[in-house]
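Residue strings, one per chain:
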Amino acid sequence: MVYIFAAHKGEVEHLIKKLSLGKRKTSFPFLQYEGEEILLTITGQGQINASASVASTLQEEKAKKEDLLLSLGSAAAILGRKRPSEDLLGRWFWIQSLEQESTGRCFYPDLLYKLDFPEAGLKTGDKILELGSMGSRDTVSEGHSDSEEHTVSEGVAGFNNTLLYDMESAAVFQAANFYLAPEDFFFLRCVTDFGVSPGEEKLPFSPLSRQERMQALLQKEEDKVLRFIGFLQEKSKERRKEEEGELAFRQQLQSLSEILHCSFVMEKQLERLLRYAFLQGISPEEVREYLEQNFGRQNAGKDALQDSENGAKEEVLKGVGKDIDKQGRLALIDKRAGKKALSSLKEWILSERILQVKCNGSGNLLQIHDNDSEVISPIPCERSGSTLPEGKCEKSYPYQEHFRHIYVEEALLQSPEAERILQKFPKAKVIPIKHYKDVFNRKKQGRLAQSYSRKLILAKKEGQRLYDGAVVCQDFSESHFCYTSLLMNCPFHCAYCYLQGMYPSSNLVMFLNLEDYFADCRKWIAEKGSLYLCISYDTDLLAMEGIYPYVEEFARFLNQENALRIEVRTKAGGEGLWRKMQRLPLSSEGRKRMIFAFTLSPEEIIEEAEEGTARLSSRIFAIQKALEEGYLVRLCFDPMIYHPRWKELYGALLQEVFEKIPMEQIHDCSLGSFRISESYLKAMGKALPHSPHTQFPYENTGGYYHYPKELMEEMEGFLYSRLLERLPKEKIFRWDNREADGVNEK
C-alpha cells in the first residue's frame, strides 16, 4: 500500500482527480481518499495534526514494513540575502534531510533512486514562516542551473543547497518510523512562496489570490509527481505479490509441520530447512514426495493395530510395531517419528543437488582505484541471491550509484581528511550531519534495499577504540591480542558475513581521527609492553586504500612503535594491491611486523558467496608478491563454506595453493568452518531472507550456530590433514571446538 499524506486538501486536489481517488466514507477523524494501491490522508496543519493522523492511519490500516509512504505538499524557500529567481516557484524537490526546528533533531530518509526532482533540505517549524525570519542564509547560489551534480571544490551548483520550510514533515517522519522503514519514505515539496510578511495575505508580484497562485504553482510539475506516484503503485503491487508468495510458503510450512507433529522448535528447524531447500531449487512437491516415499501415513498405527493379532497387541502398544506401516515405512504418528523424518529430510536436502542460487552482481559497482588509477576492487551491491526486480518501476527510476550521497559529521566538514575523500567523488552530494548514528542507527532500516545504493558516512570515533580479542576468535597465541574498528561494514559483500547481522545498515562508516587511534595504541603499549593489533578485523581496509590510505598511515605508525605488530586481513588481490604494498613506508624490519592475512576460498565459493572480492588467482598473485617484498603472510582457510562438492572444491584449492605458493615461507595458517552467533544469524535471516547462507539448517551449540557436528569435523579434518602434508602442526591454527562451545563468529 502507498500511504500519501498532505496537510491541506488544496495541495493535492488536482492529484485526487487525476488519480481517480474516491472519498472514503468512514468515521475516521481525518479526511481520506482511496484508489488502486493508494490511501491519501489529509492531516491538517502543524506537527501535532500530522503526527496524530499518520500514527492513527498506519495503526488502523495495520501498516507493515514493506508499505510505502509519500508526503506531499507546499513549502517555503528560506529567503536570505540573495533573493532567488522566480523560477524556483513551482519547483518540486525531493527532501534529503529534515530538521525539527524546536528540538534541533534531524531525520534522514534513504535516497536510493534517481528521481526527476532536485534535492533539498527541509526545516519543520511550529508557525508560518515570515519573510526574513531565517536571517541571512542564502536559498540557492546565483546563476543556478538544472544540474543535479556539484563538485566539492567548485561549490554548489543547481539547487543542491536549497533549504525549504514547512510545518509537518519532521512529525510525519517520526510517527511513520514506528511502522515503516526509512528507505520507503519519500518527501516531495513544491516551493510556493518565500515566507509571508506579517499581516500580508498575498505577495505584491502576483495579481492572483494566494490560494489560486498556490494551485497554479503546485500544478506546474504535476506530471512528474504523477509519474512518481505511478512508480510507487507498481512497487506496491510487486511487494503484494511477494507477500502472497510468503503466505503460500507459510501455508506449506504449517501443513508439513502438522504432518510431522512438530513442536515449536521443530517447526523453526523445518522452516529453515524448507527455505534452504527452495533456494536450492527443491520444490514443495519434491519434499512431500520424499516424505511419502520414505514415511507412512499418519493413520498407519491404527492400521497396524487392526491387522495385528490379539497376542501381539500389548507389544504394539509398547511402540514396537505401531509406528511401522504395511510397507515397512516409519509412520508419522507422533513427534518422535516426526523428529526422525525431519533428520532424514535434512540429510536428503544437503546431499540432493549442488547449490543453484548465486549472489548475482547488480551491475552497479563502485570502482576503487589506487593512486595509479588501477582498479583494486569494486564495491558491490548486496544481492544475496536476489535478482533486481524487473519491470516498469525499476526501469523508470534506477538506483543511485554507490556513494552518490556522502554524509559528513559537521565537525569534519573542513578537515583535510574529509576533503581528501570528497575530492575522489566529485559528483557526490554532501549532506552535513551532527553524528553518524543519526543516519547509521535509524530504526527499521533494510540492509537489502540499502545495498542497491550504499552511502558513505565520514565520522569521528569517540570512546573506546581498541578491543580485546573475543574469546571465540583465534588469537594465534598472541598474549596482547586486540582489534580496532576503522570502518563499520565492509566494501565487499560476502553472503555469509556476520556483519550483515551485526549492523543495522548497509552504509559504510569511515572513522577519520587516526591520531586518536595511535594515541590509544601508545597508551596500551606503555601499560602492557606490547600489542598485536588487527586493523582489518571486521572489514577489508585494503579494498578502501584507494579512498583513504588507512594501511599506509598505520605502516608509518608501525615504524615508530617497535613493540607493535599489525595484522591486515583481506580478500583483495591483483597487481594494484601489490604495488600498494611496495609503496608502504616500511623498513625491512617493519615488514616483519606487518602480517598480511589472505582469506582463501575455492573459486566456486568466491563466485557464489564472496561478491566483489578478488579472484583466487589474484589473491595468490598478491601473496607471491607480498612474500617477495619481505612481508609475513598468513593463509586463512576460514571460514570453510559448505558446498555439496566441498571436498572436491577444497582439494582443488589446496592443490593450486601448494603448486603456486612456497609453503615454507608462509608464517602460519588458520582454518575453521563457518560459525556465527545466534543473534547475528537471526538478524541476517531477516535482512537477507533469500540467501542460502542465512537459511542453512545449522546446529546451535551454546548460542552459536555451526554446521552439523559430523560435517564440521569432516570438513575441518580434511583440510587439516592436507595442510599437515606441507606445514608443521605448530604453524596450523585450527579452531578448537572444545573452547567457546565450538564456534566463533569470524
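The shown structure was predicted, so the numbers you read here are calculated from the model rather than taken from an experiment.

(A) Quick look at the overall build of the protein. Within the protein, the regular secondary structure consists of 25 helices and 32 strands. By the burial criterion, 57% of the 746 residues in the protein qualify as buried. Of all intrachain contacts in the protein linking residues separated by at least 6 positions in sequence, the fraction that spans at least 24 positions is 78%. With an accessible surface of roughly 31,000 Å², the protein has 48% of that area assigned to carbon and sulfur atoms.

(B) Representation of the sheet that holds strand β32 (residues 732-734) in the model. The sheet built from eight strands is open, its strands ordered β18-β19-β23-β24-β25-β27-β28-β32 with mixed pairing. Two strands bound the open sheet, and with one partner strand each, they are β18 (466-468) and β32. On average, adjacent strands in this sheet sit at an angle of 25° to one another, irrespective of strand direction. Here five bridges tie strand β24 (residues 564-570) to strand β25 (residues 594-599), and the two strands are oriented parallel to one another. Across the sheet, residue E567 finds its bridge partner in β25, namely I595.

(C) Seen up close, the pattern of salt bridges. Within the structure shown, the criterion is met by 41 salt bridges. Two residues, R240 and E37, come together in a salt bridge whose shortest N-O distance is 3.0 Å. Taken as a pair, R240 in helix α5 (residues 222-259) and E37 in the loop between β3 (32-35) and β4 (38-42) lie far apart in primary sequence, 203 residues in all. For R240, a relative accessible area of 36% puts it in the partly exposed group. Taking relative accessible area as the criterion, E37 reaches 13% and is therefore assigned buried. Here E246 ties to R250 by a salt bridge, and the two come within 3.2 Å at their closest N and O atoms. Within this pair, E246 and its partner R250 are both found in helix α5, separated by four residues, close to a single helical turn. Among the charged side chains, a salt-bridge network with shared partners connects E246, R250, K268, E271 and R275.

(D) Structural detail: the pairing of β4. Of all five residues in β4, five are buried; the element is thus mostly enclosed. As paired strands, strand β1 (residues 2-6) and β4 are joined by five bridges and run parallel to one another. Its bridge partner being in β4, V2 is matched across the sheet by I38. Inspection of the sheet shows β3 paired to β4 by four bridges, in the antiparallel sense. By the bridge assignment, G35 is partnered in β4 with I38.

(E) Molecular detail of the side chain of R275. Looking at the secondary structure, you find R275 in helix α6 (residues 264-279). In terms of polar contacts, R275 uses its side chain to reach the side chain of E246, at 2.7 Å.

(F) Representation of the packing of aromatic side chains in the model. Counted according to the given criterion, the structure contains 40 aromatic pairs. Joined through ring pairs, the aromatic side chains of Y113, F117, F186, F228, F231, Y397, Y399 and Y452 make up one cluster. The lysine or arginine in question, K528, covers the ring of W524, its NZ or CZ lying 5.4 Å from the ring centre. The side chain of R734 reaches across the aromatic face of Y720, ending 5.9 Å from its centre.

(G) Fine view of the pairing of strand β23 (residues 531-534). With burial as the criterion, each face of β23 is covered, one bearing L531 and L533 and the other bearing Y532 and C534. The pairing of strand β19 (residues 481-484) with β23 spans three bridges and is parallel. Note that in β23 the partner of C482 across the bridge is L533. The pairing of β23 with β24 spans four bridges and is classified as parallel. Among the inter-strand pairings, L533 is bridged to a residue of β24, identified as I566. For the segment spanning β23, helix α17 (residues 550-560) and β24, crossover handedness is right-handed.

(H) A look at the sheet that holds strand β31 (residues 704-706). Strand order in this open sheet of three strands is β29-β31-β30, and the pairing throughout is antiparallel. Edge positions in the sheet fall to β29 (675-677) and β30 (699-701), since each has one partner strand and no second. Shown here is a sheet whose adjacent strand axes are inclined to one another by a mean of 30°, direction ignored. Most of the contacts of helix α23 (residues 678-687) go to β29, to which it runs at about 90°, and overall it touches β29, β30 and β31.

(I) View of the packing of helix α1 (residues 9-18) against α5. Relative to each other, α1 and α5 sit at 60°, their axes nearing to 11 Å. Comparing their axes, α5 and α1 come out oblique. Seen from above, α1 lies across α5 with right-handed handedness. Residues H14, L15 and K18 of α1 form the contact with α5, whose participating residues are E222, V225 and L226. In terms of residue class, the contact of α1 with α5 is made up of three nonpolar, one polar and two charged.

(J) Representation of the confidence of the model for the protein within the structure. Residues with a pLDDT of 70 or more make up 80% of the protein, whose mean pLDDT is 83. Contacts for the low-pLDDT stretch residues 201-205, under 50 throughout, to residues beyond four places or in other chains number nine contacts. Ignoring residues within four places in sequence, the model shows residues 471-477, a span with pLDDT below 50, making 27 contacts including any to other chains.

(K) Local environment of the environment of L600. With respect to the element layout, L600 can be found in the loop between β25 and α20 (603-609). With 40 residues separating them along the chain, L600 and M640 place their C-alpha atoms 9.2 Å apart. With residues up to four places along the chain from it excluded, the contact list for L600 reads L616, R619, I623, L635, C636, F637, L653 and V657.

(L) Structural view of the state of the cysteines. What the rule picks out here adds up to zero disulfides. We note that C482 lacks a disulfide partner, and the nearest cysteine sulfur, in C521, lies 8.5 Å from it.

(M) Quick look at helix α2 (residues 47-60). The first and last C-alpha atoms of α2 sit 20 Å apart over 14 residues, in line with the 20 Å expected at 1.5 Å per residue. Here α2 has its buried residues at Q47, A50, S53, V54, T57 and L58. The arc enclosing the buried residues of α2, seen along the axis, measures out at 140°, which places them on a common side. Summarising the geometry of α2, the exposed residues directed more than 90 degrees from the buried face are I48, Q59 and E60. Lining the buried residues of α2 we find β1, β3, β4, β6 (92-100), β8 (119-124) and α3 (169-176). Just beyond α2, the residue with positive phi is K62, at close to 55°.

(N) A look at the environment of L711. On the secondary structure map, L711 appears in helix α25 (residues 709-723). Under the relative-accessibility criterion, L711 is labelled buried at 13%. Along the sequence, L711 and Y642 sit 69 residues apart, while their C-alpha atoms lie 8.8 Å from each other. Sequence-distant contacts of L711, that is, excluding residues within four places in its chain, are made with Y642, W646 and F696.

(O) How the structure looks around unusual backbone geometry. In this structure, the amide linkage connecting D638 to the following residue, P639, adopts the cis form with an omega of 5°. One can find P639 in strand β27 (residues 632-640). Of note in this structure, E37 is not a glycine but carries a positive phi near 60°. For F403, which is not a glycine, the phi torsion comes out positive at approximately 60°. As for its position among the elements, F403 is in the loop between α11 (392-396) and β15 (405-409).

Here is what the cut-offs are and how they apply
- Throughout, a residue's number is its position along its own chain's written sequence, starting from 1.
- Totals for whole chains, interfaces and linings use every residue, but because this is a predicted model, local features are given only for residues with pLDDT of at least 70 and side-chain atom pairs only at 80 or more, for both listing and counting.
- Only hydrogens and water are removed before side-chain values are computed, so all heavy atoms of the structure are retained for them.
- Helix and strand assignments come from DSSP, with helices taken as H or I runs of at least 4 residues and strands as E runs of at least 2, each series counted from the N terminus.
- Exposed residues in this analysis have more than 50% of their type's maximum accessible area, buried residues have under 20%, and partly exposed residues fall in between, with area computed by a 1.4 Å probe over protein chains only.
- The contact rule is simple, with two residues in contact once any of their heavy atoms fall within 4.5 Å.
- Computed with a 1.4 Å probe, the accessible areas rest on the Shrake-Rupley method; for each residue, only the protein chains presented here act as cover.
- At least two bridges found by DSSP between two strands are what make those strands a pair.
- For helices, the axis comes from a line fit to the C-alpha atoms of the stretch in contact; other axes are also lines fit to C-alpha atoms, and the angle between any two N-to-C directions lies between 0 and 180 degrees.
- By definition, a salt bridge exists where a carboxyl oxygen of Asp or Glu is found within 4 Å of a side-chain nitrogen of Lys or Arg.
- Contacts described as polar in this section are N or O atom pairs within 3.5 Å, which, within protein, must combine one atom able to donate a hydrogen with one able to accept it, while residues neighboring in sequence count only if both atoms come from side chains.
- Only Phe, Tyr and Trp rings take part, Trp by its six-membered ring, and two of them pair if their centres are within 6.5 Å. Stacked means planes under 30 degrees apart, edge-to-face means over 60, and tilted covers everything else.
- Only when the NZ atom of a Lys or the CZ atom of an Arg is both within 6 Å of the ring centre and within 35 degrees of the ring normal do we say a charge sits over the ring.
- Here is how to tell: hold the view so the strands point away, follow the path from the first strand over the helix to the second, and if it runs clockwise the crossover is right-handed.
- Every angle not falling under 35 degrees, over 145, or within 65 to 115 is termed oblique; those three ranges are roughly parallel, roughly antiparallel and roughly perpendicular.
- For a crossing to be left-handed, the near helix must be turned anticlockwise from the far one by less than a right angle; the clockwise case is right-handed.
- Residues are sorted three ways: Asp, Glu, Lys and Arg are charged, Ala, Val, Leu, Ile, Met, Phe, Trp, Tyr, Cys and Pro are nonpolar, and all the rest, Gly among them, are polar.
- On a scale of 0 to 100, pLDDT captures the predictor's confidence in every residue.
- Disulfides are defined as cysteine sulfur pairs within 2.5 Å.
- To estimate how far a helix should extend, the number of its residues minus one is multiplied by 1.5 Å.
- Think of the arc as the fan of directions from the helix axis to the C-beta atoms.

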